[in-house]
Amino acid sequence: MSHQNGIRQALEIGEFLYTLEHVPALQSEGPSALLALVRNAELVGRDPRIRGINIGDRVKGRDCVDTVECGRIVLEASGKIPLLHLAGKGRDPAQANAVYRRALDAGLTNMLLVSGDRLPDEARPDRIRYHDSVVAVSDVRHMEPGALIAAAVSPFKYREEELANQYLKMAKKINAGASYLITNCGWDMRKFEELAWYCNARGFTIPLVANLLLPSMGWARGIHGRRLPGVHMSDDLFNKISEEHALGKPLAQQHYFHRLALQVIGVKLMGYAGVQLSGVDEYETLCQVIELVDDLEKTVRSRLDWNDAWRDAHRLQDGREVIFSPPGGIYLFGTTRPSPGSLDALPRIGDAQPGEEEMRQYRKMSTVHDLAFKKGSTGAAVMKPLMRVMGTSKLGHAITLKLEHSIKAPLLGCESCGFCRIEYLMYKCPETCPKGLANGPCSGTDDNVCEFKDRECIHNGKYRIAKALGKLAELEEVLVPAVQGTRNTSSWINEFSGAVPLVRRVKTTAAKKSASTSATTPVTTGATSTPPLAKAIEDVGVAHANVDPSIRAVQRMRNSG
Ligand code: SF4
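Quick caveat: nothing in here was measured; it's all calculated off a predicted structure.

Draft legend 1. Examining the overall build of the chain more closely. When its secondary structure is counted, the chain shows 20 helices and eleven strands. Out of the 561 residues belonging to the chain, those deemed buried represent 49%. If you take every contact in the chain between residues at least 6 apart in sequence, the share linking residues at least 24 apart comes to 80%.

Draft legend 2. Looking closely at the packing of helix α4 (residues 93-105) against helix α5 (residues 133-143). For the pair α4 and α5, interaxial distance at closest approach is 11 Å and the crossing angle is 40°. Of the possible angle classes, the one that applies to α4 and α5 is oblique. Handedness of the α4/α5 crossing: right-handed. Taking contact as the criterion, the partners of A96, N97, Y100, R101 and L104 in α4 are, on α5, A136, D139, V140 and M143. Of the residues in the contact of α4 with α5, the class split is six nonpolar, one polar and two charged.

Draft legend 3. Structural view of helix α2 (residues 32-46). With 15 residues, α2 extends 22 Å between its outermost C-alpha atoms, agreeing within 8% with the 21 Å of an ideal straight helix rising 1.5 Å per residue. Within α2, the full set of buried residues consists of L37, N40, A41, V44 and G45. Buried residues of α2, seen end-on, are gathered within an arc of 140° and therefore sit on one face of the element. What points out from α2, more than 90 degrees from its buried face, is the exposed set S32, L35 and R46. Close packing links the buried residues of α2 with β1 (17-22), β2 (53-55), α3 (67-78) and α11 (283-296).

Draft legend 4. Seen up close, the pairing of strand β6 (residues 180-185). With six of six residues buried, β6 lies mostly within the body of the structure. With four bridges joining them, strand β5 (residues 148-153) and β6 adopt parallel strand pairing. Each residue of the ladder has a partner; that of A152, found in β6, is I182. With helix α6 (residues 160-176) bridging β5 and its parallel neighbour β6, the resulting β-α-β unit is right-handed. As judged from the three bridges shared by β6 and strand β7 (residues 208-213), these two strands associate in the parallel manner.

Draft legend 5. Examining the nonpolar core more closely. In this structure, M111, L113, I149, A150, A178, L181 and V209 are the most contacted members of the largest nonpolar core, which totals 136 residues. Three or more residues apiece are contributed to this core by two domains, here domain 1 (6-313) and domain 2 (356-543). Ignoring sequence-local partners within four residues, the contact set of L181 consists of A150, A151, V153, M170, I206, L208 and V209. Core analysis: the second largest hydrophobic core is formed by six residues, M387, W492, I493 and F496 among them.

Draft legend 6. Spatial organisation of helix α14 (residues 378-390). Here α14 is 13 residues long and its end C-alpha atoms lie 18 Å apart, about the 18 Å a rise of 1.5 Å per residue gives. Every buried residue of α14 is accounted for by M383, M387 and M390. Turning to α14, the residues buried within the fold contact α13 (356-372), α15 (394-412) and α18 (491-496).

Draft legend 7. Expanded view of the site of the ligand. Taken together, 14 residues lie around the ligand, and C433, P441, C442, C450 and C457 are the ones closest in. Among the residues forming the shell around the ligand, the class breakdown is nine nonpolar, three polar and two charged.

Draft legend 8. Seen up close, the packing of helix α10 (residues 249-269) against α11. The interhelical angle for the contact between α10 and α11, taken along N-to-C directions, is 65°, at an axis separation of 9 Å. In terms of orientation, α10 lies roughly perpendicular with respect to α11. Along this stretch, α10 crosses α11, giving a crossing that reads as right-handed. Residue-level inspection shows F257, L260, A261, V264 and I265 of α10 in contact with α11, the latter providing V289, L292, V293 and L296. Class assignment for the residues of the contact of α10 with α11 results in nine nonpolar, no polar and no charged.

Draft legend 9. Inspection of the pairing of strand β4 (residues 110-114) at higher detail. For β4, the tally of buried residues reaches five of five residues, placing the bulk of the element in the interior. Residues N110, L112 and V114 line one face of β4 and the alternating positions M111 and L113 line the opposite face, and both faces are buried. In terms of handedness, the path from strand β3 (residues 83-87) via α4 over to β4 forms a crossover that is right-handed. Sheet topology note: the β4/β5 ladder contains four bridges and is parallel. Looking across to β5, one finds that M111 is bridged to I149.

Draft legend 10. How the structure looks around the confidence of the model for the chain. Confidence in the prediction of the chain, expressed as mean pLDDT, is 90, and 89% of residues score 70 or more. Every residue in residues 511-536 is under pLDDT 50, and counting partners more than four places away or in other chains gives 55 contacts. A low-confidence stretch, residues 541-547 (pLDDT under 50), is modelled with 18 contacts involving residues beyond four sequence positions or located in other chains.

Draft legend 11. Region of interest: the sheet that holds β5. Read around the closed barrel, eight strands run β1-β2-β3-β4-β5-β6-β7-β8, paired in parallel fashion. Pairs of neighbouring strands in the sheet enclose a mean axial angle of 25°, with direction left out of account. Along the sheet face, helix α1 (residues 6-13) touches β1, β3, β4, β5, β6 and β8 (274-278) and points at about 155° away from the line of β1. Against the sheet, α10 touches β7 and β8, its axis set at about 170° to β7.

Draft legend 12. Geometry of unusual backbone geometry. You will see that Y427, though not glycine, has its phi angle at about 65°, which is positive. Looking at where Y427 falls in the secondary structure, it is placed in the loop between α15 and α16 (458-468). A count of 23 C-beta atoms within 10 Å places Y427 in the buried class. Phi is positive for K453, close to 65°, though the residue is something other than glycine. Along the chain, K453 turns up in the loop between α15 and α16. Among the residues examined, K453 registers 11 C-beta atoms within 10 Å and is labelled exposed.

Each value, and the rule that gives it
Residues numbered from 1 in each chain as written. Predicted model: local features only at pLDDT ≥ 70, side-chain atom pairs only at ≥ 80, totals over all residues. Helix = DSSP H or I, 4+ residues; strand = E, 2+ residues; numbered from the N terminus. Buried ≥ 20, exposed ≤ 12 C-beta atoms within 10 Å, placed from the backbone. Contact = placed C-beta atoms within 7 Å. Axes fitted to C-alpha atoms, helices over the stretch in contact; angles between N-to-C directions. Parallel < 35°, antiparallel > 145°, perpendicular 65-115°, else oblique. Left-handed = near helix turned anticlockwise from the far one by under 90°. Nonpolar A, V, L, I, M, F, W, Y, C, P; charged D, E, K, R; others polar. Expected span 1.5 Å × (residues − 1). Arc of directions from axis to C-beta. Pairing = 2+ DSSP bridges. Right-handed = clockwise from strand over helix to strand, strands pointing away. Core = buried A, V, L, I, M, F, W, Y, C linked by C-beta atoms within 7 Å. Domains from an automatic or database assignment. Near = placed C-beta within 6 Å. pLDDT = per-residue confidence, 0-100.

What follows is the structure in structure tokens.
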């Protein structure tokens, strides 16, 4: 059977993209769940309006039916290459790469690569850091240059640090080789627009797909109660859904579907390339949504029509309009669209500054780094032969490891990963992130607080310092590799014996660079240092234009329309 890449085709020809969601069941739920998958896949295979099935990964836990296996079943039953969501959660780099390899070998070349939200059984003693999504994008792009790689972004953040970090990391994912972007789910249409405007203003021409969620009352309760990481539902919207729920199931359903259809039309009018609908996992339900959208589009034809319809659908019983943001929530832009290509870098969006203690710590660590590790420094001249000698014996290694840990653990939260990356993170240790992410935050923050709810997201401080030092471009371009095979060894020994991975600077040909950035950003990321030995940053221009030229052309047309 020949297989069709309907998702790629839709993106290439600019046809609005619909896919059907499949959330793999737990293994314990038995084979009946797979029968439903086969049925949906056969129906999707015969329906030209639906370009494929998107398959979740470890959504219900670690013990879900394998996503690649589901992908094989879908490919066979539908003839259409599905979109595999592949998460780094609970997978070390080798395990994650083995999953990508298996998928590619099976012809499953469409992937959404994410770090993933918190696993239900997270508090395991054998902590595994999540495989970083930026590294994943880069790795899969190198494994299979023709792969269609989606990356995630959440514009639904309302504090400066968490919002800026999302956009910085998004740029890094584009730089690393993402083909298109899929948002997190949300209902704040101004945020969907903000993302589209921002990409357009930066000259990021890759397509955007909106993730929209059809919330039942149960879902709404959970999301409003902050039980779905990183997804925000305002009090107003929750109250509106509660009012609809009180009308009884048939009427409430009508309202829920009407809202979803309006969202689809809204993002279409903003230039999005398609939607991915969460909570719509039956073929017939997706058809219902598509038909409702087609019908509604007969009267909602323009942005003005849409504004009226959205406003009408979101009036509360007390007469007020629903507000979708939390109090004081920030947006990147006001109500005026920036002109295409008008931005060279992230615009200034707030007054967040590092605290005195934060800057003191940065300066202290940066000075130590310059004295002890900077190439050509007296410290490095002493350290290099010393570390090489210490690394030749088990005892020498054990003593160095102990010494290093005793100094760095209280200062930085070091966990002896063996590949010290603090110089690329404004001297914040990525091991203090519960997921161990080094290239930017996951999308789980809420009001700047970590998804694990026990600390501020560790990437916020990094952002504040980079902003204060004029180094934000580094957070878009410096690709920090994963730690592989060096845990519980001394990073000092590894550093001076060249046993740490190469850190690369990645740039697309599409992304415009600011004059100030290119003039002032050094190749190194430390305050004043040159890179130590093996960690020299290699400039790598990612020939992004070679990946999906036709997709990019379609998006450019859409954005200029
Ligand atoms: S520290 Fe930030 S990136 Fe890490 S888990 Fe928490 S929210 Fe996610």
